[in-house]
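Residue-level listing of the chains:
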Amino acid sequence: KPPPCVIPPPAAALRRREAGIMFKIVIPARHASTRLPGKPLLDIGGLPMVVRVAQQAARSGAEALVVATDHADIAAAVTAHGFQAVMTRSDHSTGTDRIAEVAEQLGWSAGSVVVNVQGDEPLIDPELIRTVALALDQDTESSIATASSAITDAADFFNPGVVKVVCDAQGRAM
């Protein structure tokens, strides 16, 4: 059974998957985090966290991968490891706003499938990224898709640090 809020792809989407869906990834990376300033640059096994995230995301098969940041040190770390960084304004209140600026700067069409990969997920499964891209591609009524999974542990349910989502019968977040 698929996790909640991820729509199983119909046969047409599976055929597109075999042919290779075209999608883009943007990783918003903000230096001025309130809880942990400089988090994207934290060292994980000799590399900045944001670079580890980009390495995992690159394995998903996306046609483009961009790190969206408002900090020169993050951009420098990303480009030093062969990934594209786009400088964005520092007044964005959300990563989604940062992604919209990147899409505009790069001239991406309104029909582009863009996956938001959080900059603090160095262990994200590349196949999960593809699954989200496929869900967004096959559901023409949705403009945003996100991955989620069922909470099976009561401690996670009551933990305010664990993000929760409520979905309707069609698997859409409410």
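Up top is the structure these notes are about.
Asks: Even after reading the chapter, I still don't get the nonpolar core, so can you show me in this structure?
Replies: Side chains of a nonpolar character, in soluble globular proteins, are inclined to be buried together. If you look at the biggest cluster of nonpolar residues, it comprises 26 residues, and the most contacted ones within it are Phe23, Ile25, Ile27, Val50, Val115, Val117 and Ile129. The contacts of Ile129, once residues within four sequence positions are left out, are Phe23, Ile25, Ala57, Ser60, Val115, Val117 and Ile124. Residues Val26, Ala64, Ile99 and Val102 belong to the second largest nonpolar core, which totals nine residues.

Asks: I keep staring at the side chain of Gln56 and nothing clicks. Help me out?
Replies: Along the chain, the position of Gln56 falls in helix α2 (residues 49-58). Taking the relative accessible area as the measure of exposure, Gln56 reaches 17% and is therefore buried. Beyond its immediate sequence surroundings of up to four residues, Gln56 is in contact with Pro122, Leu123, Ile124 and Pro126.

Asks: For this particular structure, what's the right way to read a nonpolar patch on the surface?
Replies: On the surface, a nonpolar cluster with roughly 340 Å² of combined accessible area is contributed by Ile151, Phe157 and Phe158. Positionally, Phe157 belongs in helix α6 (residues 154-158).

Asks: Hey, could you run me through the environment of Lys24 in this one?
Replies: Take Lys24: it is sitting in strand β1 (residues 24-29). Taking the C-alpha atoms as reference, Lys24 lies 9.8 Å from Ala103; in sequence the two are 79 residues apart. Not counting the four nearest positions on each side in its chain, Lys24 is found in contact with Glu63, Ala64, Trp108, Ser112, Val113, Val114 and Val115.

Asks: Would you explain the pairing of β1 in this entry?
Replies: Along any regular strand, the residues point their side chains to alternate faces of the sheet. Counting buried positions along β1 yields six of six residues, so the element is predominantly enclosed. In β1, alternate side chains face the same way, and those of Lys24, Val26 and Pro28 on one face and Ile25, Ile27 and Ala29 on the other are all buried. Direction of pairing for β1 relative to strand β4 (residues 64-69): parallel, over a ladder of six bridges. In the sheet register, Ile27 faces β4, and the bridge partner there is Val67.

Asks: How should I be thinking about helix α3 (residues 72-80) in this particular structure?
Replies: One turn of the α-helix equals 3.6 residues, which is why residues spaced by three or four share an orientation. Ile74, Ala75, Ala77 and Val78 are the residues of α3 that are buried. Here the buried residues of α3 occupy an arc of 165 degrees about the axis, which is enough to place them on one side. Residues Ala72 and Ala80 are exposed on α3 and point more than 90 degrees away from its buried face. For α3, the secondary structure elements touched by its buried residues are β1, β3 (47-48), α2, β4 and β5 (84-87). Gly82 occupies a position one or two residues after α3 and carries a positive phi of about 90 degrees.

Asks: Honestly, the environment of Ala58 in this entry has me stumped. Any pointers?
Replies: In this fold, Ala58 is placed in helix α2. Sequence separation between Ala58 and Ile129 is 71 residues, and the spatial gap between their C-alpha atoms is 9.8 Å. Apart from residues lying up to four places away in sequence, Ala58 is in contact with Leu65 and Phe83.

About the cut-offs
Residues numbered from 1 in each chain as written. Predicted model: local features only at pLDDT ≥ 70, side-chain atom pairs only at ≥ 80, totals over all residues. Heavy atoms only, no water. Core = buried A, V, L, I, M, F, W, Y, C linked by side-chain atoms within 4.5 Å. Buried < 20%, exposed > 50% of the residue type's maximum accessible area, 1.4 Å probe, protein only. Contact = heavy atoms within 4.5 Å. Helix = DSSP H or I, 4+ residues; strand = E, 2+ residues; numbered from the N terminus. Patch = residues over 30% accessible without salt bridge, like charges linked within 9 Å, V, L, I, M, F, W, Y side chains within 5 Å. Areas by Shrake-Rupley, 256 points an atom, 1.4 Å probe, with all protein chains shown as cover. Salt bridge = Lys/Arg side-chain N within 4 Å of Asp/Glu carboxyl O. Pairing = 2+ DSSP bridges. Arc of directions from axis to C-beta.

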